[in-house]
Amino acid sequence: MIARTWRGTVPAGKGSEYLEVVGRTGLLDARDTPGNQGFYIMQRPAGDHDEILAVSLWETEDAIKAFAGDDISRAVFYPEDDGWLTGRDLHADHWEVVGEATLVSTTVQAG
C-alpha cells in the first residue's frame, strides 16, 4: 500500500470550512478512483493560518496515476481551492506503508 501526502494552508479559523470543500472535490474523486483505500484529512491551527494535511491510501502507483495523472508527484487542485488556500505544496509525497497498528481497549474486572 502507498500513502500519498499533501500539505496546504488556509486562513486561521477556516480549516473546517475548507474541509467541506475538499469533501466535495478531492475526497470524492479519490474515493471513486479504483485502488483507493481511504482518505484522511487533518488540520491544526498555526498562528495566522490553519495547516491542512491530506493523506490518501492507494493499492498501487497505477491507482494513484488514475487519480493524479502520469506525474504522481504533482499535487491535484480544484478551482475551488484558489479561494481558500493561502499556501500549498505543488507536489505530493509518497510513502510505502510498511506496518499498521490498532489500539485495543481492555477491561480489567476484579474477581
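Up top you'll find the structure we're talking about.
Residues numbered from 1 in each chain as written. Predicted model: local features only at pLDDT ≥ 70, side-chain atom pairs only at ≥ 80, totals over all residues. Heavy atoms only, no water.

Draft legend 1. Here's a closer look at the overall build of the protein chain. Helix and strand counts for the protein chain come out as three helices and five strands. For the protein chain, the succession of helices and strands along the chain, N to C, is β-α-α-β-β-α-β-β. A compact globule built from 111 residues should have a C-alpha radius of gyration of about 13 Å, whereas the protein chain, at 17 Å, is more than 25% larger. Taken along the three principal axes of its C-alpha coordinates, the protein chain extends 60 × 35 × 20 Å. Counting all 111 residues of the protein chain, 32% fall into the buried class. Across the protein chain, every contact between residues at least 6 apart in sequence was considered, and the portion connecting residues at least 24 apart equals 64%. Carbon and sulfur atoms provide 51% of the accessible area of the protein chain, an area that totals close to 7,400 Å². Here the protein chain contributes 9 positively and 19 negatively charged side chains, and the mean placements of these two sets differ by 3 Å. (Helix = DSSP H or I, 4+ residues; strand = E, 2+ residues; numbered from the N terminus. Rg over C-alpha atoms; globule rule 2.2 N^0.38 Å. Buried < 20%, exposed > 50% of the residue type's maximum accessible area, 1.4 Å probe, protein only. Contact = heavy atoms within 4.5 Å. Areas by Shrake-Rupley, 256 points an atom, 1.4 Å probe, with all protein chains shown as cover. Lys, Arg positive; Asp, Glu negative; His and termini not counted. Charge placed at Lys NZ, Arg CZ, Asp CG, Glu CD.)

Draft legend 2. Expanded view of the packing of aromatic side chains. Applying the stated criterion to the full structure yields three aromatic pairs. Of note, Arg 88 hangs over the ring of Phe 77, and the distance from its end group to the ring centre comes to 4.6 Å. (Phe/Tyr/Trp six-rings, centres within 6.5 Å; stacked < 30°, edge-to-face > 60°. Lys NZ or Arg CZ within 6 Å of the ring centre and 35° of its normal.)

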